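Residue-level structural notes
The primary structure of each chain is shown beneath.
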Amino acid sequence: MNTLEFTVLVAIGSLIAGLVGALTGLGGGVVLVPLLTIFFKVDIRYAIGASLVSVIATSSGAAAAYVKEGFSNIRIGMFLEIATTLGALCGAFLATVVPTRYLAIIFGVMLLYSAYLARKPRTPEQRNLPPDPLATRLRLNGNFPSDEGSMRSYNVQSVPTGFSLMFGAGALSGLLGIGSGAVKVVAMDQAMKIPFKVSTTTSNFMIGVTAAASAGIYLNRGYVDPGLAMPVMLGVLAGSLLGARILIKAETRILRLVFSLVIAFLGAQMIYKGMVGTI
Amino acid sequence: MAWSDQKIEQIIGNLLRAGVMIAALVVFIGALFYLIHHGAAPTDYRVFRGEPSDLRSLNGILHDAFALRGRGIIQLGLVLLILTPVARVAFSIWGFAEEHDRMYVIFTSIVLVILLYSLLGSGSAF
């Protein structure tokens, strides 16, 4: 395969990943590394570097729209970014010392967990919770435009738990080159009881900054190859922009099921390849 | 209009979009140079070698980009992409300062220091 053919194929694969990721709301970032390592035989360190910069592109593109619509809470985002960026630094340093086969296994477990989260029914939202003193002092409580048209306010709970989970999300992001949006949403939606719509959009807002914190280290260490990152970044970005356009019309339930099965399959593959050492 | 979270949100939204679009454009231009010169060359990412030092540091990247080397131009686009969230954080500090929200000026400054450490302090890069 010459460079032109390789570039075109990787761009097409990344475009599909970005498109399906945006349509299902599961993010295309998680399938990029398995796509590159399993199908294109790319070394996992190059794959993680390319995936990480692409994550910045897609999350910033999507965050631009959400922030303007008033869904994301920039105070929650900024406060929790202290935890995610510290975690991302630790994760990126870990990635340079952890043997690649263990990286593959951790990645596989993360994929299986993402597939499980995607299938798990959402727990009903608890409304009108009492204000938490710490959240109030940190000015995290907010409001957002609800489906009924009015502004709905919410009180944030369990700040220390959420903050710790965010450190973990950042570490995974730095270690595996993913946005780890799924873990961020769990921290906000499940632990901190932030409304789902606010959790997902604020998570998106935070992903770019989290990824940037480890991307600097990856660049310095020579993990970011321009020839590989170029088709991945342009492909995923084009796919996610396209996905956002057709999102309103598409019936995504079946697509979501198929994509979560693909994620689970790739997760099993990564674990297997890590165990036999062929990654 | 007084400084408010809404106004900050609008500016942040525009900043993020502009940063990503400029970065993507630079990467795309670099891709053209890269594929015209190296499109027919064989490719292999099976073995990890790490990037040469000129593609790891800002000085080297700028040097390669201005010499119109495709890989240098792409890498410059990727650096602009990484700097987009950093610019967003830097702008937020200013926004919170305009709102006289000292607590969030401190929180945001901590995040900026962490980001700058990653870019400047973690290697020989910038």
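To start, this report covers the structure provided alongside it. (Residues numbered from 1 in each chain as written. Chains lettered and ligands numbered in written order. Predicted model: local features only at pLDDT ≥ 70, side-chain atom pairs only at ≥ 80, totals over all residues.)

**A few points about the overall build of chain A**
Assigned secondary structure in chain A consists of eleven helices and two strands. Counting helices and strands in the order they occur from the N terminus, chain A gives α-α-α-α-α-α-β-β-α-α-α-α-α. Taken over C-alpha atoms, the radius of gyration comes to 18 Å for chain A, in line with the 19 Å a tight globule of 279 residues would show. C-alpha extents for chain A along the principal axes are approximately 60 × 40 × 30 Å. For chain A, with 279 residues in total, the buried portion stands at 59%. A fraction of 80% describes how many contacts in chain A between residues 6 or more apart in sequence connect residues 24 or more apart. (Helix = DSSP H or I, 4+ residues; strand = E, 2+ residues; numbered from the N terminus. Rg over C-alpha atoms; globule rule 2.2 N^0.38 Å. Buried ≥ 20, exposed ≤ 12 C-beta atoms within 10 Å, placed from the backbone. Contact = placed C-beta atoms within 7 Å.)

**Overview of the overall build of chain B**
Along chain B, the regular secondary structure elements total four helices and zero strands. What you see in chain B, going N to C, is helices and strands ordered as α-α-α-α. Here the C-alpha radius of gyration of chain B, 18 Å, is well above what a compact globule of 126 residues would show, namely 14 Å. Seen through its principal axes, chain B has C-alpha atoms that stretch 55 × 30 × 25 Å. Classification of the 126 residues of chain B by burial places 41% in the buried group. The contacts in chain B between residues at least 6 apart in sequence include a share of 60% that link residues at least 24 apart.

**Things to note about the interface of chain A and chain B**
The interface of chain A with chain B comprises 52 residues on the first partner and 55 residues on the second. Only α1 (3–24), α3 (44–69), α4 (74–97), α9 (196–220) and α10 (226–246) of chain A provide two or more residues apiece to the side of chain A that touches chain B. Sort the elements by how many residues they give to the side of chain A that touches chain B and α3 of chain A lands first, with eleven residues. Taken together, the residues that form the side of chain A that touches chain B break down as 31 nonpolar, 13 polar and eight charged. (Nonpolar A, V, L, I, M, F, W, Y, C, P; charged D, E, K, R; others polar.)

**Notes on the pairing of strand β2 (residues 151–154) of chain A**
When strand β1 (residues 142–145) of chain A meets β2 of chain A, the two strands line up antiparallel, connected through four bridges. Bridging across to β2 of chain A, Asn143 of chain A finds its partner in Ser153 of chain A. (Pairing = 2+ DSSP bridges.)

**A word on the nonpolar core**
One finds Val53 and Met233 of chain A together with Val27 of chain B to be the most contacted residues of the largest nonpolar core, which totals 129 residues. With 15 residues, the single largest contributor to this core is α3 of chain A. Apart from the residues lying within four places of it in its own chain, the contact partners of Val53 of chain A are Ala215, Val224, Ala229 and Met233 of chain A together with Leu78, Leu81 and Ile82 of chain B. (Core = buried A, V, L, I, M, F, W, Y, C linked by C-beta atoms within 7 Å.)

**Quick look at α3 of chain A**
Residue and element names in this part refer to chain A. In a regular helix each residue adds 1.5 Å, so 26 residues correspond to 38 Å; α3 covers 37 Å between its end C-alpha atoms and thus fits that length. Along its length, α3 shows its largest kink, about 25 degrees, at Ala63. Among the 26 residues of α3, 23 are classified as buried, and the element is accordingly described as predominantly covered. Phi turns positive one or two residues past the end of α3, at Gly70, with a value near 85 degrees. (Expected span 1.5 Å × (residues − 1). Bend = angle between axes of the 7 residues up to and from the residue.)

**As for α4 of chain A**
Residue and element names in this part refer to chain A. With 24 residues, α4 ought to run about 34 Å at 1.5 Å a step, and its terminal C-alpha atoms sit 34 Å apart, in line with that. The axis of α4 is deflected most strongly, by about 35 degrees, at Glu81. Most of α4 is tucked away: 18 of the 24 residues are buried.

**Overview of the environment of Arg69 of chain B**
Residue placement: Arg69 of chain B occurs in the loop between α2 (58–66) and α3 (70–98). Along the chain, Arg69 of chain B and Gly30 of chain B lie 39 residues apart, while their C-alpha atoms are 7.6 Å from each other.

**Let's talk about unusual backbone geometry**
Within the chain, Arg139 of chain A stands out as a residue other than glycine whose phi angle is a positive 55 degrees. Within the secondary structure layout, Arg139 of chain A lies in the loop between α6 (133–137) and β1. Among the residues examined, Arg139 of chain A registers 14 C-beta atoms within 10 Å and is labelled partly exposed. Despite not being glycine, His100 of chain B shows a phi value in the positive range, around 55 degrees. Assignment of secondary structure puts His100 of chain B in the loop between α3 and α4 (102–121). Owing to 8 C-beta atoms within 10 Å, His100 of chain B belongs among the exposed residues under this scheme.

**Focus: the environment of Ala65 of chain A**
Residues and elements named next belong to chain A. Relative to the elements of secondary structure, Ala65 occurs in helix α3. Exposure remark for Ala65: the 15 C-beta atoms within 10 Å place this residue in the partly exposed category. Sequence separation between Ala65 and Gly27 is 38 residues; the distance between their C-alpha atoms is 16 Å.

**Describing the packing of helix α8 (residues 181–191) of chain A against α9 of chain A**
All names here are of chain A. Here α8 crosses α9 at 135 degrees, and the two axes come no closer than 9 Å. When the interaxial angle is binned, α8 and α9 end up oblique. Where α8 crosses over α9, the handedness of that crossing is right-handed. The segment α8 lies against α9, with Gly181, Lys184, Val185, Met188 and Asp189 engaging Phe196, Ser199, Thr200, Thr202, Ser203, Asn204, Met206 and Ile207. (Axes fitted to C-alpha atoms, helices over the stretch in contact; angles between N-to-C directions. Parallel < 35°, antiparallel > 145°, perpendicular 65-115°, else oblique. Left-handed = near helix turned anticlockwise from the far one by under 90°.)

**Some words on the environment of Val156 of chain A**
Residues and elements named next belong to chain A. Within the secondary structure layout, Val156 lies in the loop between β2 and α7 (159–176). A count of 27 C-beta atoms within 10 Å places Val156 in the buried class. Separated by 14 residues in sequence, Val156 and Gly142 place their C-alpha atoms 8.3 Å apart. Val156 has contacts with Ile76, Asp132, Ala135, Leu140, Asn141, Met192, Lys193 and Ile194, leaving out every residue within four places of it along the chain.

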